[in-house]
Amino acid sequence: MTVIQTSPARASSLRTPAHQASLIVQGTDRVGIVGAVGTLLSRRGANIICLDQHSVPESGAFFQRTIFSLDGLQAALPEISHELRHELATDFELSFTLRDLSVPKRVAIFASKSDHCLLDLLWRHRRGELPVSIAMVISNHPDTAEEVRTFGIPFFHVPSMGPDKSAAEAEHIRLLKDNVDFVVLARYMQILSGDFIQQVGVPIINIHHSFLPAFIGAGPYAKARERGVKLIGATAHYVTEDLDEGPIIEQDVARATHADTTADLMRRGADVERAVLSRAVLWHAEDRVIRHGNHTIVFS
């Protein structure tokens, strides 16, 4: 492994007020859930800034995202969490997560030789468009080290050669363990093992250069051209042990014509990839995405 030493990353200019929190609730739909959440927060003197909810009639599943503000939030969070456990987990059999939004999620970005998605995320972060703390960039190639250095982000070169990836994945686990809240694969062209996915223990977001489920695997733009498609696209999804079949977060498309070459499609597709991945990272960072089986609920 090669470590490229850099200065500490400049903090994002996007700031969430220190007194705002997110509350994600999910479970089985029942009468009174929204009222119970509102009453509990009101009793604490909290002001609900936004509230989104969704229920699935077929399964009875319920999902709710609440953003609220409260003076002295940090001191009050433990007691609010205790009350939520009593009133929601006990009375309604719901699970919940409660998070101080002034503390950004820590992310590690994995990349290979293609740099367009990686540099786009770093650029958006520097401009204050992504409320995250980028802990590190990890790559199986050293090509982007110098460019990453200009953003003040630690860069780790971890080679991954041959069919046995165990040594590389062991080093990845060492770097990531207890240091990040999620991982982003910004065109990281290596397949992650099921053991790695389990050990890392945090959500992993991938950008696939295809409008899944079509054209999975390598060379999707060449496959798309051979098929004569009129739309190309990109898909951001959570990583599971089933290759390219994890819950989809975001997708988008661009028009294609018979005159487009594979290079044309790749160039246009790169624009779509950047936009789709950045939206997925933003929504995950803002607790807008809730996983439900192999689906996602994404609150706008």
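Everything that follows concerns the structure shown earlier in this document.
These lines cover the structure that appears in this document, whether it is placed above or below. Keep in mind it's a predicted model, so treat the numbers as computed, not measured.

## Points about helix α1 (residues 33–43)
- Along α1, the residues classified as buried are Ile-33, Ala-36, Val-37, Leu-40 and Leu-41. End-on view of α1: buried residues confined to an arc of 125°, all on one side of the axis.

## Concerning a nonpolar patch on the surface
- On the surface, Phe-211, Leu-231 and Val-253 cluster together to form a nonpolar patch covering roughly 240 Å² of accessible area.
- Along the chain, the position of Leu-231 falls in strand β11 (residues 231–238).
- Look at Leu-231 and you get partly exposed, because its relative accessible area is 42%.

## Observations concerning the environment of Ile-249
- Its location among the elements puts Ile-249 in strand β12 (residues 248–255).
- For Ile-249 and Thr-144, which are 105 residues apart along the polypeptide, the C-alpha to C-alpha distance reads 27 Å.
- Setting aside its immediate chain neighbours within four residues, Ile-249 contacts Ile-205, Ala-236, His-237, Tyr-238, Ala-280, Trp-283, Val-289, Thr-296 and Val-298.

## Quick word on helix α5 (residues 166–176)
- For α5, the full list of buried residues reads Ala-168, Glu-169, Glu-171, His-172, Ile-173, Leu-175 and Leu-176.
- Structurally, α5 contributes buried residues whose contacts are with β6 (105–111), β7 (132–139), β8 (155–157), β9 (182–185) and α6 (194–200).
- Looking one or two places after α5, you find Asp-178, whose phi comes out positive at around 65°.

## Details of the layout of surface pockets
- Empty space within the largest pocket amounts to approximately 410 Å³.
- What lines the largest pocket is a set of 24 residues, and nearest its centre among them are Gln-190, Ile-191, Asn-206, Leu-243 and Asp-244.
- The element best represented in the lining of the largest pocket is strand β10 (residues 204–208), accounting for three residues.
- A per-class count over the lining of the largest pocket returns 11 nonpolar, eight polar and five charged.
- By volume, the second largest pocket is sized at about 360 Å³.
- Lining the second largest pocket are 18 residues, and of these Ile-24, Thr-97, Lys-105, Asp-287 and Val-289 lie nearest its centre.
- Looking at the lining of the second largest pocket, the elements that each hand over two or more residues are β2 (20–28), β5 (95–100), α8 (262–285) and β13 (289–292).
- Per-element accounting of the lining of the second largest pocket gives the leading share, five residues, to β5.

Criteria and cut-off values
- Residues numbered from 1 in each chain as written.
- Predicted model: local features only at pLDDT ≥ 70, side-chain atom pairs only at ≥ 80, totals over all residues.
- Heavy atoms only, no water.
- Buried < 20%, exposed > 50% of the residue type's maximum accessible area, 1.4 Å probe, protein only.
- Helix = DSSP H or I, 4+ residues; strand = E, 2+ residues; numbered from the N terminus.
- Arc of directions from axis to C-beta.
- Patch = residues over 30% accessible without salt bridge, like charges linked within 9 Å, V, L, I, M, F, W, Y side chains within 5 Å.
- Areas by Shrake-Rupley, 256 points an atom, 1.4 Å probe, with all protein chains shown as cover.
- Salt bridge = Lys/Arg side-chain N within 4 Å of Asp/Glu carboxyl O.
- Contact = heavy atoms within 4.5 Å.
- 1 Å grid on protein atoms, 1.4 Å probe; cavity = no way out; pocket = protein on both sides within 12 Å on 5 of 7 lines; lining within 4 Å.
- Points joined across faces, edges and corners; volume = space filled by probe spheres on them.
- Nonpolar A, V, L, I, M, F, W, Y, C, P; charged D, E, K, R; others polar.

Remember, this is a structural readout, not a statement about activity or role.
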